[in-house]
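Topology and contacts: notes
In case you want the letters, here they are:
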Protein chains: 2
Amino acid sequence: MTPARLIRMLPSDNVAVVANEGGLAAGTEVEGITLASHVPQAHKVALTDLARGARVIRYGVTIGTARDAIPAGTWVNEASLDMPAPPALTGLARGPDQPQPEPLTCYTFEGYRNADGSVGTRNILAITNTVHCVSGVVDHAVARIRAELLPRYPHVDDVVALDHTYGCGVAIDAPDAEIPIRTLHNIARNPNFGGATMAVSLGCEKLQPARLFPEALPDLVTLQDESHTGFEAMIASILTTAERHLIRLDQRHRETCPASDLVVGLQCGGSDALSGVTANPALGHAADLIVQAGGTVMFSEVTEVRDGIDQLVRRAASDEVAEALLSEMAWYDAYLARGQADRSANTTPGNKKGGLSNIVEKAMGSIVKSGSMPISGVVSPGRRAEQKGLLFTATPASDFICGTLQLAAGMTLHVFTTGRGTPYSLPHVPTLKLATRSDLARRWHDLMDIDAGRIITAGETIETMGQQIFETILATASGQKTCAERLGIGNQLALFNPGPVT
Amino acid sequence: MTPARLIRMLPSDNVAVVANEGGLAAGTEVEGITLASHVPQAHKVALTDLARGARVIRYGVTIGTARDAIPAGTWVNEASLDMPAPPALTGLARGPDQPQPEPLTCYTFEGYRNADGSVGTRNILAITNTVHCVSGVVDHAVARIRAELLPRYPHVDDVVALDHTYGCGVAIDAPDAEIPIRTLHNIARNPNFGGATMAVSLGCEKLQPARLFPEALPDLVTLQDESHTGFEAMIASILTTAERHLIRLDQRHRETCPASDLVVGLQCGGSDALSGVTANPALGHAADLIVQAGGTVMFSEVTEVRDGIDQLVRRAASDEVAEALLSEMAWYDAYLARGQADRSANTTPGNKKGGLSNIVEKAMGSIVKSGSMPISGVVSPGRRAEQKGLLFTATPASDFICGTLQLAAGMTLHVFTTGRGTPYSLPHVPTLKLATRSDLARRWHDLMDIDAGRIITAGETIETMGQQIFETILATASGQKTCAERLGIGNQLALFNPGPVT
Ligand SMILES: [Ca+2]
Ligand SMILES: [Ca+2]
Ligand SMILES: [Ca+2]
Ligand SMILES: [Ca+2]
Ligand SMILES: [Ca+2]
C-alpha cells in the first residue's frame, strides 16, 4: 500500500489535498494530523484547527472563510466555506519588474511555414461558410472530398468544414456582433490552414462574404449563383475549388522552425482539485519553457481567473497590459450582469465532486497553468494575437467556446488538462490531453496523451513532467499524432455570440 | 413573350409587384401605367402618383411613407420609403368571433402512432447529448451505427445525434437558461423519435441528466463511468444501447391516422417579394386546410411578424391568446433592446435584392403563410405545443433556430418557402421546400419540392396550389421522400440561448 500523503502548495497554506488514489480512511495519521472522516483523493484537509470565520488558505491565497469551526484533520469542502467577495477591478497594482527569463534557443520543431511568417503544425484545407444555411451541402461536399480527392494528395492532413450557426438571423449591426464576425474571419486565417482560405456562401445571407473578408475575398462558391443548376452542380463547384487548394497544399512540406514559432493554447476542463496540483503546475512549467524559447502561450477563461485578477495584474508586463486585463474583466462582469448570471455557477457538479469547493479555488488552480512569466499581451475575444510571449486571450471558460476563440487567435496546438476526463478536441489543431491523475490516464488510455498523475504515482516532479510536456508539444507540432487524431474524433466550432439573434 | 403583368394583393393597394420573370423594361405599358425604369421581378411599382409623405399601401396596410414624390410607374424600393413606427403593444383589440371553419374529415395519412397519442411521420433513433463535450464521440458512434447496425433494421429510417453546443460553460441558473434546457428536453420527446430517448452524458457537466430529464432518466451512457476502459468501451456502450432501441423501433409500422394528427411547422427564409405573392399565400391556404381537418399548424418568427402584431391580435381565438401574443412580443422587444439590436436589421441584403423594402413589408408577406384561421394558441420558445389548431410558436426568425424550436414544439413535418433559394433542411423531420418562383424551381430542380411559381407561370391559383401543397404534405407525412431526404443532406440543431455563457 502507498503511504498516506498530503500535498500542500505553499508553506503558508492551512489546507492540503489528499494525494492517494481512492482517498484516505477515517483515522489515518498523516503529517501529524488524524483524519476525522474518509477524505476522497484531491479533496482538502484542514492542517490546523480553524476558528469559525478564519481564512482558509491555499496557493497562499484565501479561498474562503470557515463557516463553522474546523478542527485539524477535517474534510474541507464547499459546505465548510463561505466564499470571499470577488476582487474589485480598481486599486490593483503591477508587481515589480521581473528579471528577463533566461532565453532558450536550442529547441526546434518541423512546421509548415506560411507566406505571412506564421507556422502551422498541420496542413489542412479548411472550408469556411458565411452562414449555417449552407452547412448541409458543405458537410456533404467534405465527405466527398475526403473520400474521392484527399487520397490523391498525401501531404494534406485533412479537409474540415468550418461549420457554425452564425451568419443570418442575427443582429449583425449590434455592438457585440463584431465578436463572432471577427472570430470567423480570423479562424479562416489560422496558420494550420496555410493561407488557403476558401469559402461557401449562400448569397442572400446577412453576413456577406465582403463583410466577413473586408481586405480580399477568398476563393468563393456561392450556392445561389445562377450557374448552379441542381445540387450536383453546387457539389462540383465546391470540389473543383477544393482541388485547386489541395494541389497547392500538397506541394508544401515541413521545415525546421525555432520553438519561437509555436502558438500554444492552454485550457482546462472537467477539472478536479488535482488539476491545480499535478497537470496545471506541470503545464505551467512547460509554458515557461515555451515563453523562454520565444514562443507564444495563450491562457484564457475569464470567469475562471476573475477571482485571481489581482495576481494577473501583478504579472502584467506593462501598464497597458494591466489596463487591458482589467478592461476584459469589466466587459465580462457587465455581460454576465446583463444576463443575470450567478457568478458561483461556474463551479460544476463535477468540479465539486473532484474537490474544488468554489470559483476562487478553481481560479488558483486554473491560473497556475500559465506558469510564472510576465503577461506580455491581452487578446480580446475573436481577435488574432499580434505578438509573442505569454498572452491572456480573453474568452469564456466554456471548453468549446474557449477553444474556438483560441483558434481565432492563431493557436496551432492545443493543450488541455482534465481531471474528470473529457473527449473534447478540435479537428483543426492537434489537441494534447493531460490527465491530472494516473487512474484516469489508465482508464482512458487511448484518449489521454500524457499522465501528469505520475507526479503523484511515479515520482515525477513538476519540472520533469513540465519538460516532458514541452518535448511532447514539440514532437506533436512536428507531426506526431495525438490520441484524438489517431481515433479520428473532434468537436465542431462553438462561436461566442454575445449579441442577440433576430 | 409573356404579356406584362402586375400583381396587386388587395384593391386598396397603391403598389403592385412585377410578375414577369426577368422583370419589365422601362417604357412597358401595363395596367394603364408606363414604367419609368426597368423594374425587376417581384419588385414594386407605384400604381398612382404618390405625394411626398403619402402612405404606401400593400396587403391593405401601410408599409412605409414616400420619402419624396413618387410618380405612377416608378420602381418603389427601400430608398423610396420611410419606415413606419412599430405598432405599440397596448390598445390592440381582438376582432369579432369568426364562424367556426367547415371541418374537413376525409383526409388521412400513414403515420407512426406513439404511446402518448402523438403521431410521427418518420421512425428515427435520436441520440440526445447533455453536453457538447461528448459530441465527437457520439458523431463517431452514429457513423458506426449507420454503417454496422442500421442496415439490419430496415423499418428504422435513420439515426441522428442531437448535437448542440450547450450543457456546460453556461449560466445554467440565469433566468433565460430555461429556454435552451427545455428545448433540448422537448426535442428528445419529438414524435418522430418514437419515445425512444437515449442520451449520452459526460458525467461532470452542469446540465446533469436529471436536470435535463426531471421526470424520468432516459436510457443513459455516461462516458466518465468507471466501467469504460478506453474509447472502444464507450463506443460499445453507445452501440449496445442504440441496438436495444433499434430492435424496438424496427417493430413499429405505419397506420392510417386522421389528418388531425399532423403537426406542421411553417417557415420562410431567403425570402423575396414573390414569397408574399405565390408560395406564402398558397401555403396559407394549405394551412387553412390542415386546421380545418383538425390538425396543428405552427407559424413563428417573432421579429418578422412584430410589425403585424395588430393583425395577429385581431385573429386571436381568446383574450388569453391575445395576451400571450403580446407577452411574447414584449419579451422579444426587451431581449433585442438589451443587446442594442437594430430592428431594421432583420431585412437581409437578399430580401432587398428580392424586392422586400423593409421589415413591415416582410411581415405582411410572412404572416400570409399562416392562412386565415383563428390563432388558437401560443407556444413559448422551447416549449412543446399542448393543443391543436393554428399556433403561434414564438421563435426568432433565424431559419435554423426557428426550425430547432419548432422541433421542440413537436413539429413532425416542416414546410419552408424560399424565393432566393436555400438548401436548409432538418434531418429530424421531412422538410418540404417551396420555391416562390419557377426559375428557382427549375434551376434547383432536385432541391425544391414544390414550384409555387406556377401561380404566375402555369395558371395555378392560390387555392389549387394550396390544395397541392396539402396533398404533398399528406404524402410526405406517409413516407414519400423529400428532396433533402433523397440527397441525404440536413442541418444541425441551432439552440436559442438568450442567456450568457460563462
Ligand atoms: Ca478551465
Ligand atoms: Ca474550460
Ligand atoms: Ca457534424
Ligand atoms: Ca421568414
Ligand atoms: Ca426564417
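Residues numbered from 1 in each chain as written. Chains lettered and ligands numbered in written order. Predicted model: local features only at pLDDT ≥ 70, side-chain atom pairs only at ≥ 80, totals over all residues. Heavy atoms only, no water.

**So, the UniProt feature "domain: SAF" (unreviewed entry) in chain A**
UniProt records the feature "domain: SAF" (unreviewed entry) at residues 13–82 of chain A, using the numbering of this structure. When the span residues 13–82 of chain A is considered, its composition is 0% helix and 36% strand, and the gap between its end C-alpha atoms is 17 Å. (UniProt positions renumbered as here; feature names shortened; annotations may be inferred. Helix = DSSP H or I, 4+ residues; strand = E, 2+ residues; numbered from the N terminus.)

**Some details on the packing of helix α5 (residues 279–292) of chain A against helix α14 (residues 462–477) of chain A**
All names here are of chain A. With their axes 7 Å apart at the nearest point, α5 and α14 run at an angle of 60 degrees to one another. With respect to α14, the axis of α5 lies oblique. Here α5 and α14 pass one another in a crossing that is right-handed. Contact residues: P281, A282, L283, H285, A286, L289 and I290 in α5; I462, E463, M465, G466, Q467, I469, F470 and I473 in α14. Among the residues forming the contact of α5 with α14, the class breakdown is 11 nonpolar, 3 polar and 1 charged. (Axes fitted to C-alpha atoms, helices over the stretch in contact; angles between N-to-C directions. Parallel < 35°, antiparallel > 145°, perpendicular 65-115°, else oblique. Left-handed = near helix turned anticlockwise from the far one by under 90°. Contact = heavy atoms within 4.5 Å. Nonpolar A, V, L, I, M, F, W, Y, C, P; charged D, E, K, R; others polar.)

**A few points about the relation of the copies chain A and chain B**
Turning chain A through 180 degrees and shifting it by 0.0 Å along the axis lays it on chain B, with an RMSD of 0.1 Å. The transformation just described matches what one would write down for a two-fold rotation axis. No C-alpha of chain A approaches the rotation axis more nearly than that of A:R338, which lies at 3.8 Å. Of the interface residues in chain A, 100% have counterparts in chain B that sit at the interface too, so the contact is made through matching surfaces. (Least-squares fit on C-alpha atoms with pLDDT ≥ 70 in both.)

**Quick look at the interface of chain A and chain B**
Of the residues lining the interface, 73 residues belong to chain A; the matching set on chain B comes to 74 residues. A combined buried area of about 5,600 Å² lies between chain A and chain B, and 64% of that area is made up of carbon and sulfur atoms. Summed over the three residues of chain A that lose the most area to chain B, namely A:F400, A:R443 and A:T502, the buried surface amounts to 12% of that side. Our count for the contact surface shared by chain A and chain B stands at 0 salt bridges. Broken down by secondary-structure element, the contributors of at least two residues to the side of chain A that touches chain B are α1 (135–149), α4 (231–250), α8 (319–338), α9 (349–353) and α11 (399–408) of chain A. (Buried area = accessible area lost by both parts, 1.4 Å probe. Salt bridge = Lys/Arg side-chain N within 4 Å of Asp/Glu carboxyl O.)

**Structural notes on the coordination of the calcium ion (ligand 1)**
Each donor-metal-donor angle would ideally measure 109.5 degrees in four-coordinate tetrahedral geometry, or 90 or 180 degrees in six-coordinate octahedral geometry. Residue and element names in this part refer to chain A. Note on the calcium ion (ligand 1): its protein donors are C268 (O), C268 (SG), E301 (OE), E304 (OE) and E304 (OE). The metal-donor distances range over 2.3 to 2.7 Å. The distance between the calcium ion (ligand 1) and the calcium ion (ligand 2) comes to 3.3 Å, with C268 serving as a donor to both metals. You can see C268 sitting in strand β17 (residues 263–268) and its partner E304 sitting in helix α6 (residues 302–305), a full 36 residues away along the chain. (Donors = N, O, S within 2.8 Å, 3.2 Å for Na, K, Ca; no water.)

**Considering empty space enclosed by the protein**
Summed over all chains, the structure comprises 5 cavities of 30 Å³ or more. Of the pockets and cavities examined, the largest cavity occupies roughly 820 Å³. Together, 40 residues line the largest cavity, and A:L495, A:N497, B:T165, B:L495 and B:N497 are the ones closest to its centre. Of all the secondary structure elements, the ones that give two or more residues to the lining of the largest cavity are α8 of chain A together with α8 (319–338) of chain B. When grouped by side-chain class, the residues that make up the lining of the largest cavity number 22 nonpolar, 14 polar and 4 charged. (1 Å grid on protein atoms, 1.4 Å probe; cavity = no way out; pocket = protein on both sides within 12 Å on 5 of 7 lines; lining within 4 Å. Points joined across faces, edges and corners; volume = space filled by probe spheres on them.)

**Here's the deal with the sheet that holds strand β15 (residues 219–222) of chain B**
All names here are of chain B. Overall, parallel pairing links the 4 strands, which are arranged β13-β12-β14-β15 in an open sheet. Of all strands in the sheet, those with a lone pairing partner are β13 (158–162) and β15, marking the two edges. Across the sheet, the mean angle separating the axes of adjacent strands is 20 degrees when strand polarity is ignored. (Pairing = 2+ DSSP bridges.)

**As for α14(A)**
Residue and element names in this part refer to chain A. If you check α14, its first and last C-alpha atoms are 22 Å apart, about what 16 residues at 1.5 Å a residue would give, namely 22 Å. Within α14, the full set of buried residues consists of M465, G466, I469, F470, T472, I473, L474, T476 and A477. Remark: G479 follows α14 within two positions and exhibits a positive phi of approximately 125 degrees. (Expected span 1.5 Å × (residues − 1). Buried < 20%, exposed > 50% of the residue type's maximum accessible area, 1.4 Å probe, protein only.)

**Considerations on the environment of B:T472**
Counting through the fold element by element, B:T472 comes out in helix α14 (residues 462–477). Excluding its chain neighbours within four sequence positions, the residues that come into contact with B:T472 are B:L432, B:I450 and B:Q480.

**Quick word on the domain arrangement of chain A**
All names here are of chain A. Split into domains, chain A comes out as domain 1 (6–82), domain 2 (120–250) and domain 3 (261–487). Domain 1 and domain 3 are separated by 26 Å when their C-alpha centres are compared. Every contact between the two is made by 18 residues of domain 1 and, on the other side, 22 residues of domain 3. It is E21, Y59 and E78 in domain 1 that bury the most area against domain 3; as a group they hold 31% of the surface buried on that side. Along the contact surface separating domain 1 from domain 3 lie 3 salt bridges. R58 is paired through a salt bridge with E361; the nearest N and O atoms lie 2.5 Å apart. The interface formed by domain 1 and domain 3 includes 10 residue pairs in polar contact (both at pLDDT 80 or more). Broken down by element, the side of domain 1 that touches domain 3 gets its largest block of residues, 3 residues, from strand β7 (residues 61–66). (Domains from an automatic or database assignment. Polar contact = N/O pair within 3.5 Å; in protein donor to acceptor, adjacent residues only side chain to side chain.)

**Considerations on the packing of aromatic side chains**
Residues and elements named next belong to chain B. All chains considered together, the criterion is met by 18 aromatic pairs over all chains. Relative to F470, the ring of Y107 lies with its centre 4.7 Å away and its plane at 70 degrees, an arrangement referred to as edge-to-face. One end of the pair, Y107, is in the loop between β9 (81–82) and β10 (108–113); the other, F470, is in helix α14, and 363 residues separate them in sequence. Residues F299 and F392 carry aromatic rings whose centres are separated by 5.2 Å and whose planes lie at 65 degrees to one another, so their mutual orientation is edge-to-face. With a gap of 93 residues between them, F299 in strand β18 (residues 296–299) and F392 in strand β20 (residues 389–393) connect regions that are remote in the sequence. Judged by relative accessible area, which is 0%, F392 ranks as buried. (Phe/Tyr/Trp six-rings, centres within 6.5 Å; stacked < 30°, edge-to-face > 60°.)

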